[in-house]
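Examination of the molecular architecture
As a plain string of letters, each chain reads:
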Amino acid sequence: MKNIERGTIGENVAANFLLQNEFLVIERNWRFKHWEIDIIVVKNNTLHFIEVKTRTSTKFGNPEESISASKMNALKKGAENYLLQHPQWKIIQFDIVSIKMKKETVEEIFFIEDVFF
C-alpha cells in the first residue's frame with residue numbers, strides 16, 4: 001500500500017470514527033496556501049482541528065509519535081488562517097487520530113484530544 005493510499009484510507013477511517021462519536025465533519029483536507037488540515041469537525045460548540053496519522057507498522061513507533069513539532073506548528077498556522085476566514089468560532093481544540101492498520105484492516109484507532117504543543 002502506497003503512502004498516499006494509506007493516508008486516504010486513514011482519513012476515511014478517522015472521519016467515520018468521528019461521525020460515529022457525534023462529531024460533525026465540516027471540512028476534509030482543507031488547504032490554504034501551503035497549510036493543510038486533515039479534518040475539521042464540530043462538537044458541543046467546539047471547533048476541532050484534527051491531524052490524522054496512519055501506519056501499517058510500529059517498527060518506527062506508533063503513528064502519533066511521528067508527528068513532529070513542526071507539523072503541529074503547521075497545523076496551528078493552518079488553524080489561524082481558517083479562523084481568520086471563520087471568525088465565529090471562539091472555542092477551538094487540536095486533536096490527533098492515530099490509526100494502526102495491517103494491510104487494509106484497521107487494528108486500532110487512538111483518539112488524542114486537546115493536544116498541546
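Relevant structure appears above.
This brings us to the overall build of the protein. Check the secondary structure of the protein and you find two helices and five strands. Each helix and strand of the protein, ordered N terminal to C terminal, gives the series α-β-β-β-α-β-β. Its C-alpha atoms give the protein a radius of gyration of 14 Å, near enough to 13 Å, the size a compact globule of 117 residues would have. Over its C-alpha atoms, taken along the principal directions, the protein stretches across nearly 40 × 30 × 25 Å. Buried positions account for 39% of the 117 residues belonging to the protein. Within the protein, contacts between residues at least 6 apart in sequence are counted, and of these 52% link residues at least 24 apart. Counting 16 positive and 16 negative side-chain charges, the protein places the centres of these two groups 6 Å from one another.

Our focus in this paragraph is the pattern of salt bridges. Evaluated as defined, the whole model comprises four salt bridges. Here glutamate 36 and arginine 31 are joined by a salt bridge, their closest N and O atoms 3.4 Å apart. Under the relative-accessibility criterion, arginine 31 is labelled exposed at 57%. For glutamate 108, the salt bridge goes to lysine 100, with nearest N and O atoms at 3.0 Å. When its relative accessible area of 35% is taken as the criterion, glutamate 108 is described as partly exposed.

It is worth spelling out helix H2 (residues 69–85) at this point. With 17 residues, H2 ought to run about 24 Å at 1.5 Å a step, and its terminal C-alpha atoms sit 25 Å apart, in line with that. For H2, every residue scored as buried is listed here: Met72, Leu75, Gly78, Ala79, Asn81 and Tyr82. Where H2 is buried, its residues contact strand E1 (24–32), strand E2 (35–43), strand E3 (46–55) and strand E4 (92–102).

Below, the discussion takes up the sheet that holds E1. Spatially, five strands are ordered E1-E2-E3-E4-E5 in an open sheet, and the strand pairing comes out mixed. The open sheet terminates on both sides in strands that have one partner only, identified here as E1 and strand E5 (105–112). The average undirected angle you get between the axes of adjacent strands in this sheet is 30 degrees. Strand contacts of H2: E1, E2, E3 and E4, with the helix running at about 65 degrees to E2, the strand carrying the most contacts.

For isoleucine 109, the position within the fold is in strand E5. Residues isoleucine 109 and valine 13, 96 residues apart in the sequence, show an inter-C-alpha distance of 8.6 Å.

Glancing now at the packing of aromatic side chains. In total, this model carries six aromatic pairs according to the counting rule given. Both rings, one in phenylalanine 23 and one in phenylalanine 111, keep their centres 5.8 Å apart while their planes meet at 90 degrees; by these two values the pair is edge-to-face. Here phenylalanine 23, found in the loop between helix H1 (3–20) and E1, pairs with phenylalanine 111, found in strand E5; they are 88 residues apart in sequence, far enough to count as distant. Of the two residues, phenylalanine 23 and phenylalanine 111, both sit in the buried class. Taking the centre distance of 5.1 Å and the plane angle of 80 degrees together, the rings of tryptophan 30 and tyrosine 82 count as edge-to-face. Of this pair, tryptophan 30 sits in strand E1 while tyrosine 82 is found in helix H2, placing the two residues 52 residues apart along the sequence. Comparing tryptophan 30 with tyrosine 82, the two get one shared label, buried. One aromatic cluster in this structure is built from Trp30, Phe32, Phe49, Tyr82 and Phe94. Directly above the aromatic system of phenylalanine 23 lies the positively charged group of lysine 43, at a separation of 4.7 Å from the ring centroid.

Conventions used here
- Residues numbered from 1 in each chain as written.
- Predicted model: local features only at pLDDT ≥ 70, side-chain atom pairs only at ≥ 80, totals over all residues.
- Heavy atoms only, no water.
- Helix = DSSP H or I, 4+ residues; strand = E, 2+ residues; numbered from the N terminus.
- Rg over C-alpha atoms; globule rule 2.2 N^0.38 Å.
- Buried < 20%, exposed > 50% of the residue type's maximum accessible area, 1.4 Å probe, protein only.
- Contact = heavy atoms within 4.5 Å.
- Lys, Arg positive; Asp, Glu negative; His and termini not counted.
- Charge placed at Lys NZ, Arg CZ, Asp CG, Glu CD.
- Salt bridge = Lys/Arg side-chain N within 4 Å of Asp/Glu carboxyl O.
- Expected span 1.5 Å × (residues − 1).
- Pairing = 2+ DSSP bridges.
- Axes fitted to C-alpha atoms, helices over the stretch in contact; angles between N-to-C directions.
- Phe/Tyr/Trp six-rings, centres within 6.5 Å; stacked < 30°, edge-to-face > 60°.
- Lys NZ or Arg CZ within 6 Å of the ring centre and 35° of its normal.

Bear in mind that shape data such as this cannot, by itself, settle questions of function.
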